[in-house]
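An overview of the molecular structure
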Amino acid sequence: MTANSSALFPRNFKKSFPIAVRGEGSWIISSDGQKYLDASGQAAVVNIGHGVKEVSEAMAVQASQIAFAHTTQFHSASAEKLAARLLALAPPNFANGRVYFTSGGSEATETAIKLARQFHLESGSPEKFRVVSRRQSYHGSTLGALSVSGNVARRAPYQPLLAEWGHIAPCFCYHCPFGKTFPSCNVACADELESLLSNIEAASVSAFIFEPVVGATLGAAAPPDGYVQRITEICRKHGILLIADEIMTGMGRTGKPFAVQRWNVEPDLILVGKGVASGYAPLGAVLISSRVADVFAKGSGSFQHGFTYQAHPVSTAAGNAVLDYLEEHQLFGRVPLIANELRAGLASLPLHPNVGEIRGLGLLLGIEFIKNKTAREPFPRDESIAEKIRQACLARGVLTYPAQGCVDGVLGDHLLLAPPFTVSTEEVAIISSAIHHSVAQVFSS
Ligand SMILES: Cc1ncc(COP(=O)(O)O)c(C=O)c1O
């Protein structure tokens, strides 16, 4: 459909958007019959693939029984069941925790910011309200979530509306903000949190929020060993909550239910979204550890917060059906195996002089493009390299997720890959071939 014939307020008035009419596994089919291979799971959302009948059937059953009941008056069996299942997948400190369901990721971040605030009020620390985060991060588009985000482009137009609670350096080894190298750096980027918390304003900090693997902003930058453990120790030492934003990395995308489980740490809150219902319904959640939930239960008993559609029965029915599918097909275990195949298909790509590195964990991979390999120098922004590669992949029928700004918020081009966990060996071959050819085409022109 052309931009002029649409009644929708689009993401971009200068683009036209095909109408998606069907999804089958890793493929999306548009109204003109074109087939697209979804190598990015849209935006790291579609974990179990498109068009899974079991999920739509479970949603239909729930909708026909009871589609909605307000959470001030009722709980639903589907929300109760999914909450218990998510807690069972989480680290041990969530064993007697609780789950607060939302309609998406940004609402989960907002909920966590307010939970952290009220937790400290209930604990007798009314001075604590600031949520510290990292530069070069993304936690959502609502004003609280954008305040804790460090994504320069997404924040820029709204800067006057955003709270300033403090950001520390990202953990990004390929472009280390300190010019250091792991392991001799001693994860200096984590020590920035310690320095911030040692200054005069530290008493007002309630929590630290981070993406275990920085998705859209840094193109799947994973921390080195020791970083997440060190951050956890600092949060404990200073009595602030640790919030792991697993909206992109959670629900198996990195090969574990939650990425933090790779480092055996126990955050106080874990945020999920995207993959939790695999795109079948709008759903997000805050997993609340027992320590935090107990403070509310033994304190005022009520959290001053709420959304009409929280814990929606049909969305949580979708979440349960997605989890059934993940378990029945053992898809958490499949992620590292098929990710290895994708890595193998792309293995020779960094030999190209304009491919800096391929990074990430599990099926969350980033490919960074650079002008000069030795200096790790990015391309000028107006060359739109990531967008050109996306278009070249699209011409080959493969959907990817491009972004700019990974180096400093403005410069730096990368492509994110996050295919469904069900992606086949043949589809992986199509994806890697499209990327190899697109890279060759864009840099030879
Ligand atoms: C890490 C992270 N947090 C939060 C969000 C916001 O989620 P949503 O777009 O569902 O509001 C995103 C979305 O891309 C994300 O990647």
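In this report, we go over the structure that sits alongside the text. (Residues numbered from 1 in each chain as written. Predicted model: local features only at pLDDT ≥ 70, side-chain atom pairs only at ≥ 80, totals over all residues. Heavy atoms only, no water.)

Let's talk about the overall build of the protein chain
- When you go through the protein chain residue by residue, the secondary structure sums to 13 helices and 15 strands.
- A compact globule built from 445 residues should have a C-alpha radius of gyration of about 22 Å, and the protein chain, at 21 Å, falls within 12% of that.
- Seen through its principal axes, the protein chain has C-alpha atoms that stretch 65 × 55 × 45 Å.
- A total of 445 residues make up the protein chain; the buried ones form 56% of that total.
- The long-range fraction of contacts in the protein chain, counting pairs at least 24 apart against all pairs at least 6 apart in sequence, stands at 71%.
- Accessible surface computed for the protein chain: about 18800 Å², of which carbon and sulfur atoms make up 55%.
- The averaged location of the 37 negative side-chain charges in the protein chain is 2 Å from the averaged location of its 37 positive side-chain charges. (Helix = DSSP H or I, 4+ residues; strand = E, 2+ residues; numbered from the N terminus. Rg over C-alpha atoms; globule rule 2.2 N^0.38 Å. Buried < 20%, exposed > 50% of the residue type's maximum accessible area, 1.4 Å probe, protein only. Contact = heavy atoms within 4.5 Å. Areas by Shrake-Rupley, 256 points an atom, 1.4 Å probe, with all protein chains shown as cover. Lys, Arg positive; Asp, Glu negative; His and termini not counted. Charge placed at Lys NZ, Arg CZ, Asp CG, Glu CD.)

So, unusual backbone geometry
- Cis geometry marks the peptide bond from Phe 182 to Pro 183; its omega dihedral reads 5°.
- Note on placement: Pro 183 falls in the loop between β6 (167-168) and α7 (188-198).
- A positive phi angle is found at Val 187, which is not glycine, with a value near 40°.
- For Val 187, the location among the structural elements is in the loop between β6 and α7.
- Located in the positive-phi region is Ser 278, a residue other than glycine, with phi close to 55°.
- Structurally, Ser 278 can be placed in the loop between β9 (269-272) and β10 (284-288).

Overview of the packing of aromatic side chains
- A full pass over the atoms with the stated rule returns 7 aromatic pairs.
- Seen in terms of ring centroids, Phe 379 and Phe 443 are 5.6 Å apart; in terms of plane orientation they differ by 20°. Their pairing is stacked. Taken as a pair, Phe 379 in the loop between β12 (364-369) and α12 (385-395) and Phe 443 in helix α13 (residues 425-444) lie far apart in primary sequence, 64 residues in all.
- In this structure Phe 379 comes out as buried when scored by relative accessible area, which is 7%.
- The rings of Tyr 100, Phe 296 and Phe 303 are connected pair by pair, giving a single aromatic cluster.
- Sitting over the ring of Trp 27, Lys 35 keeps its end group 4.7 Å from the ring centre.
- The side chain of Arg 154 reaches across the aromatic face of Tyr 138, ending 4.2 Å from its centre. (Phe/Tyr/Trp six-rings, centres within 6.5 Å; stacked < 30°, edge-to-face > 60°. Lys NZ or Arg CZ within 6 Å of the ring centre and 35° of its normal.)

What to know about the sheet that holds strand β14 (residues 401-404)
- Pairing is antiparallel in the open sheet, where 4 strands are placed in the order β11-β12-β15-β14. Since the sheet does not close on itself, it has two edges, and those belong to β11 (355-361) and β14, each with one partner. Taken over all neighbouring pairs, the strand axes of this sheet differ in orientation by 20° on average, direction set aside.
- Two elements, β14 and strand β15 (residues 413-417), share 4 bridges in a ladder whose sense is antiparallel. Note that in β15 the partner of Tyr 401 across the bridge is Leu 416.
- Across the sheet, helix α11 (residues 331-346) is in contact with β11, β12 and β15; its angle to β11 comes to roughly 175°.
- Contacts from α12 reach β12, β14 and β15, with the element oriented near 40° to β15. (Pairing = 2+ DSSP bridges. Axes fitted to C-alpha atoms, helices over the stretch in contact; angles between N-to-C directions.)

Focus on the pattern of salt bridges
- Tallied over the entire structure, the rule returns 14 salt bridges.
- For Glu 164, the salt bridge is made with Arg 155, and the minimal N-O distance between the two is 3.1 Å.
- In this structure Glu 164 comes out as partly exposed when scored by relative accessible area, which is 46%.
- The buried category is assigned to Arg 155, whose relative accessible area is 6%.
- With a closest N to O distance of 2.9 Å, Glu 194 and Lys 237 form a salt bridge. (Salt bridge = Lys/Arg side-chain N within 4 Å of Asp/Glu carboxyl O.)

Examining the sheet that holds strand β4 (residues 98-102)
- Pairing in this open sheet of 7 strands is mixed, and the strands run β4-β10-β9-β8-β7-β5-β6 from one edge to the other. In this open sheet, the two strands that pair with only one neighbour each are β4 and β6.
- Pairing of strand β7 (residues 205-210) with strand β8 (residues 241-245), which is carried by 4 bridges, proceeds in the parallel orientation. Paired with Ile 209 across the strands is Ile 243, a residue of β8.

Focus on the site of the ligand
- The immediate surroundings of the ligand are formed by Gly 104, Gly 105, Ser 106, Tyr 138, His 139, Gly 140, Glu 211, Asp 245, Ile 247, Met 248 and Lys 274.
- Lys 274 has a polar side-chain atom sitting 2.9 Å from an oxygen atom of the ligand.
- Bound to the protein, the ligand loses 81% of the 390 Å² it would expose on its own.
- When the residues that make up the shell around the ligand are grouped by side-chain class, the tally is 3 nonpolar, 5 polar and 3 charged. (Near = heavy atom within 4 Å. Polar contact = N/O pair within 3.5 Å; in protein donor to acceptor, adjacent residues only side chain to side chain. Nonpolar A, V, L, I, M, F, W, Y, C, P; charged D, E, K, R; others polar.)

Section: the nonpolar core
- Counting residues in each nonpolar core, the largest one holds 102 residues, and the members touching the most others are Phe 101, Phe 208, Leu 287 and Phe 369.
- Apart from the residues within four sequence positions on either side, Leu 287 is in contact with Leu 86, Ala 90, Phe 94, Arg 98, Val 99, Phe 258, Asp 268, Leu 269, Ile 270 and Val 272.
- In terms of nonpolar packing, the next biggest core, distinct from the first, is built from 23 residues, Ala 112, Phe 119, Ile 243 and Val 286 among them. (Core = buried A, V, L, I, M, F, W, Y, C linked by side-chain atoms within 4.5 Å.)

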